[in-house]
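If you want the building blocks of each chain, they are given just below.
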Amino acid sequence: MIRFEQVTVTYAGAPKPTLRNVDLTIPEGELVLVIGRTGAGKSTLLKAINGLVPHFTGGTLAGRVSVDGRDTRTHPPRELADVVGYVGQDPLAGFVTDTVEEELAYAMESLGFETSVMRRRVEEILDSLGLTTLRDRPLLDLSSGQQQRVAIGSVLTAGPRVLVLDEPTSALDPPAAEEVLAALTRLVHDLGITVVMAEHRLERVVQYADRIITVHVDGTVSDDAPAPAMADAVIAPPVVELGRLARWQPLPLSVRDARRAAGPLRERLAAITHPRLTTEPASPVVTTRGLVARYGDVIALRGVDFSIAPGEIVALMGRNGAGKSSLLAQLVGLYAPAAGRVEVAGHEPHRRSASDVIRDIALVPQQPSDLFCADTVDDEIGRRPAAREMLDRLAPGIDGALHPRDLSEGQRLALALALVLTNRPPVLLLDEPTRGLDYPAKARLVKVLREYARSGSAIVVATHDVELAADAASRTVVLADGELVADGPTSEVVTASPAFAPQVAKILHPLPWLTVDQVRTGLEMSAS
Amino acid sequence: MSNAYSGPRRHPRALHAGAWWAWALALGTAATRTTNPLLLGLLLGVAAFAVAARRSSHGGRTFAFFLRLGLVVLAIRLVFEVVFGNELPGTVIVRLPSVPLPSVFAGLRIGGAVTTQSLLGATYNGLQLATLLICVGAANALASPRRLLRSLPGALYEVGIAVTVAMSFAPQLVHAAVRVRRAQRLRGFSSSGLRGWLRVALPVLQDGLESSIELAAAMDSRGFGRRGPVSALRRRITTASVLVGLLAVACAMYGLLDTGSPAVVGVPLLVGGALVAGAAVLLGGRAVVRTKYRPDRWRAAEWVTVAAGAAALAGVVLAGVWQPGSLQTNTYPIAAPQLPWPALAGLALALLPAFLTTRAPLRNAASRIPERPLVGASR
């Protein structure tokens, strides 16, 4: 279906090719997962399939890419629209019309389908993606999972045989991700569509994959069945890590398979007492009492009581739109509370000037690049040796002459952290920091956060990433519709609902282990 | 046959966007002909009534925005009158300290006496402008401009898409600006002052550019811009003649609206321009592969709506012809505004679409009605 023959892609001005001598054949009807380190060229590979590389991005493509016999050299993306459907990272950015139905019909309109065919196709797609009840809704009013499904539907209506998706679930909360993945697997099984998908959250997708394509840092590509590919991959989800640790054969990729193999491990672990972190209660540095946040008609927070003490790392979880970002914005004083009280280090943040607030509390926003305003990394850092040192530790080897926007996601986050941490504020807030981060980058982030907490700071991480919460946070707070619905030790909160439970907890249930690291230390301690 | 069902044409459906826009713009044009506060008030009432009865899902919010905008315009007009207005004889309400200006600015005045007459005149003027704006708001509320653009003929399709993208670009920029300003605060920069704005402007524009490129890529991947078997030269000729024709129509309209220029200039230009544009649109349509999903239909209800709008305009114009002076209200001396009957009759007719057309089906009604069967399943 898709053939890459000796493909090398080099972007203008880049010292080395992004993809090098890629030979690939993807047969029809497979669900193929593309993995690789951040910035390794996964998106380039995906965009080459429908000709966006090089027709849209520029650069040179040597070799040959063909889809269903059509060469992308002679067929720009618009001529491939009826064969390949491409869904970008941010579904909202790709929407052309206002409502679900019109959006679904847009591709068919461009391709000149008959009206009767369009009507039938739209109905089919509405049904197969479970969007029937949303048909007339404005796109902006949909939840992010629904938006992602509409984006998928909007390319499917043109009847492509191949669906290409760039990180379809990274920005989604766990239930919304389930929704999208269920829709995708149904498409593969019912319609035999070939799906090529890049994703960092392997724990969500790896069990659905028929093949895994790994893009290496040097631009070469390897293509394997999932189990062998995972056996020695740097980037592996917790289930695989646990499988490697316990030496399970064959290596399980899903929670179900792992659970079946985990009987003996569970017995061993049941005998070991779980190393509990005991934290002596300190007086809180941040408190909110009956906090109500309101923007026009929308009430984002309804009476939230929240506090955090120095040395704590708190994970703030909840669906998209539950009020996580609002709570963070209130804590740094971006808005005045509609009712209730916020206190940070003894002050009400919205009453203080920006330069005073940032001495006590720092926030890394969802898009770290919003913080940047200079043309190069060096200018951004300025004459602050502390910031430079922090950046070198988080992401070594960043070229200081680069434009901040040319950095990879992980590097941007590192730079943003370095910038806000220069004052060493006693409270640090992070909004969705792991979007676009691979596992090693995530591990580095967790390490830095732990060190920072140990030095006496309080950290709040708003995240959809249950694995991150399990790994880093001592306490987890769950918001739902602006209310605080759970607040307690992470091990208790995340195991309480299956949607928010980390993989290791699901495999070892009912034992209270959350991460591979904990299991590893537990086993080592019992062995010695 | 039961009363509940009277043929497919009575099904609730959204009126063709063009019909509502023609209707609302006719009301707006009528507003430009009069400063009579009673007539302007009635025009506002008609527009608001139609919006209340037949607005689209987001219409309420849009209309409220334009209402507020209208009030702001009125307020600005009044403030300007108080500060810069010409000193006219009349009943003095308050005498502001007057600032003497050098002789270069002869004719300009700051401060001085504020009279009832000048305030009343300014109110009428401001009301006229506000009414015009609110009529445009009513058009927006009754049928979204995007829907209007969707019904553009094939040859103008690309112009339409450019406008659509531009329309979504502006709110995006505002959104990004808010986000970046917040982020700058997080670094302790104050966001006021020129430097603050510059610091915001660059990331915001970069952001806007990035998202535009992303949108373009998404559109291209979905087949936007596919061509029919027509030569590039012919395509360019048709596009050019469409634009020239439309320009001619626009000039003609200006001529007709401007009471100062003779109608002789306007009419031939209008007819000629319309012919050129029409022919080019017909020819150009063949070069486009594109089809329309659920095309808006133009049926009797649309004709009634357009006719009703035209009736309001005609009524106001005729009132000016048959009862000279009834459209303007004297402030010298202050006189009660009249109520010319032709204008009243026209405005009454303009209310008709609010009753005669069907109400557009509610946006999220689908969640309340049982799911429709698959269209293809019956075959």
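Residues numbered from 1 in each chain as written. Chains lettered and ligands numbered in written order. Predicted model: local features only at pLDDT ≥ 70, side-chain atom pairs only at ≥ 80, totals over all residues.

**Some words on the overall build of chain A**
Rule in force here: Where helices and strands are cited, they refer to DSSP runs of H or I of at least four residues and of E of at least two residues respectively, numbered from the N terminus. Atoms counted for the radius of gyration: C-alpha only. Globule rule: 2.2 Å times residue count to the power 0.38. For every residue, the other C-beta atoms within 10 Å of its own C-beta are counted; 20 or more classify it as buried, 12 or fewer as exposed, and values in between as partly exposed. C-beta atoms are placed from the backbone.
Looking only at helices and strands, chain A features 22 helices and 19 strands. Taking 2.2 N^0.38 as the reference for a compact globule, 528 residues should give roughly 24 Å; the C-alpha atoms of chain A span a radius of gyration of 24 Å, in line with that estimate. Dimensions along the principal axes, computed over C-alpha positions, put chain A at roughly 65 × 55 × 50 Å. Across the 528 residues that make up chain A, the buried fraction comes to 54%.

**Regarding the interface of chain B and chain A**
Let me state the cut-off plainly: The contact criterion used here is simple: two residues whose C-beta atoms, placed from the backbone, lie within 7 Å are in contact.
Taken together, the contact between chain B and chain A spans 44 residues of the former and 52 residues of the latter. Those elements that provide at least two residues to the side of chain B that touches chain A are α6 (157–186) and α7 (193–221) of chain B. For the side of chain B that touches chain A, the element with the highest residue contribution is α7(B), accounting for 12 residues.

**A few points about the confidence of the model for chain B**
Residue and element names in this part refer to chain B. Quick note on the threshold: The predictor rates its confidence in each residue with pLDDT, a number between 0 and 100.
Per-residue confidence for chain B averages 79 on the pLDDT scale, and 84% of its residues sit at or above 70. Contacts from residues 1–9, a stretch scored under 50 in pLDDT, to residues over four places away or in other chains number one contact. Counting contacts from residues 363–379, a segment whose pLDDT is below 50, to residues more than four positions away or on other chains yields 18 contacts. Under the prediction, the complex receives an ipTM of 0.85, its pTM being 0.79.

**Here's the deal with the nonpolar core**
All names here are of chain A. What counts, and what does not: Linking buried Ala, Val, Leu, Ile, Met, Phe, Trp, Tyr and Cys residues through C-beta atoms within 7 Å yields a set, and such a set is a nonpolar core.
In this structure, V34, L429 and V461 are the most contacted members of the largest nonpolar core, which totals 190 residues. A per-element tally of this core places helix α17 (residues 409–420) first, with eight residues. Beyond its immediate chain neighbours, meaning those up to four positions away, L429 contacts L328, L331, V332, I361, A362, L363 and V460.

**Brief notes about the packing of helix α3 (residues 59–84) of chain B against helix α4 (residues 116–142) of chain B**
Residue and element names in this part refer to chain B. To keep things clear, this is the line we draw: To obtain each axis, a line is fitted to C-alpha atoms, and for helices this fit is confined to the stretch in contact; angles are then taken between N-to-C directions over 0 to 180 degrees. Throughout, the term roughly parallel applies to angles under 35 degrees, roughly antiparallel to angles over 145, roughly perpendicular to angles from 65 to 115, and oblique to all others. Two helices crossing with the near one rotated counterclockwise from the far one by less than a right angle form a left-handed crossing, whereas a clockwise rotation gives a right-handed crossing. Residue polarity is assigned by list, with Asp, Glu, Lys and Arg as charged and Ala, Val, Leu, Ile, Met, Phe, Trp, Tyr, Cys and Pro as nonpolar; anything else, Gly included, falls into the polar class.
It is the contact of α3 with α4, at a shortest axis distance of 8 Å, that shows an interaxial angle of 160 degrees. Taken together, the axis directions place α3 and α4 in an arrangement best described as roughly antiparallel. Note that α3 runs across α4; the crossing there is right-handed. The class makeup of the residues in the contact of α3 with α4 is 19 nonpolar, nine polar and two charged.

**Some thoughts on the pairing of strand β6 (residues 84–87) of chain A**
Residues and elements named next belong to chain A. Note the threshold: One requirement defines pairing of two strands: DSSP has to find at least two bridges between them.
A two-sided burial pattern is seen for β6, the buried positions comprising V84 and Y86 on one face and G85 and V87 on the other. Where β6 and strand β7 (residues 162–166) come together, four bridges link them in parallel fashion. Bridging from a neighbouring strand, V87 pairs with L165 of β7.

**Some remarks on the sheet that holds β7(A)**
All names here are of chain A. Strand order in the open sheet made by the six strands is β6-β7-β8-β3-β9-β10, with mixed pairing throughout. Two strands lie at the open edges of the sheet, namely β6 and β10 (221–224), each paired on one side alone. Strand-to-strand twist of the sheet, defined as the mean angle between neighbouring strand axes without regard to direction, takes the value 15 degrees. Direction of pairing for β7 relative to strand β8 (residues 194–198): parallel, over a ladder of five bridges. Each residue of the ladder has a partner; that of D166, found in β8, is A198.

**Structural notes on the domain arrangement of chain A**
All names here are of chain A. For clarity, the threshold we go by: Residue ranges assigned to each domain were obtained from an automatic or database domain assignment.
Looking at the assigned domains, one finds that chain A contains domain 1 (2–235) and domain 2 (286–496). Residue-level contacts link 16 residues of domain 1 with 16 residues of domain 2. Of all the elements, helix α7 (residues 174–191) adds the most residues to the side of domain 1 that touches domain 2, at three residues. Across the side of domain 1 that touches domain 2, the residue classes tally to seven nonpolar, six polar and three charged.

**Overview of α7(A)**
Residues and elements named next belong to chain A. Definition in use: Each helix should span, by expectation, one fewer than its residue count multiplied by 1.5 Å.
The terminal C-alpha atoms of α7, which comprises 18 residues, lie 25 Å apart, in line with the 26 Å expected from a rise of 1.5 Å per residue. Buried within α7 we find P174, A176, A177, E179, V180, A183, L184 and L187. Taken together, the buried residues of α7 touch α5 (115–128), α6 (144–156), β8, α8 (202–205) and α19 (466–472). Two residues or fewer past α7, G192 is found with a positive phi of approximately 65 degrees.

**Comments concerning unusual backbone geometry**
Residues and elements named next belong to chain A. That bond from V53 to P54 is cis: its omega, 5 degrees, falls within 30 degrees of zero. Looking at where P54 falls in the secondary structure, it is placed in helix α2 (residues 52–55). Omega for the peptide link from Q249 to P250 comes to -10 degrees, which places this bond in the cis form. Following the sequence through the fold, P250 ends up in the loop between α10 (238–246) and α11 (255–261). For Q6, which is not a glycine, the phi torsion comes out positive at approximately 50 degrees. Considering the arrangement of structural elements, one finds Q6 in strand β1 (residues 2–10).

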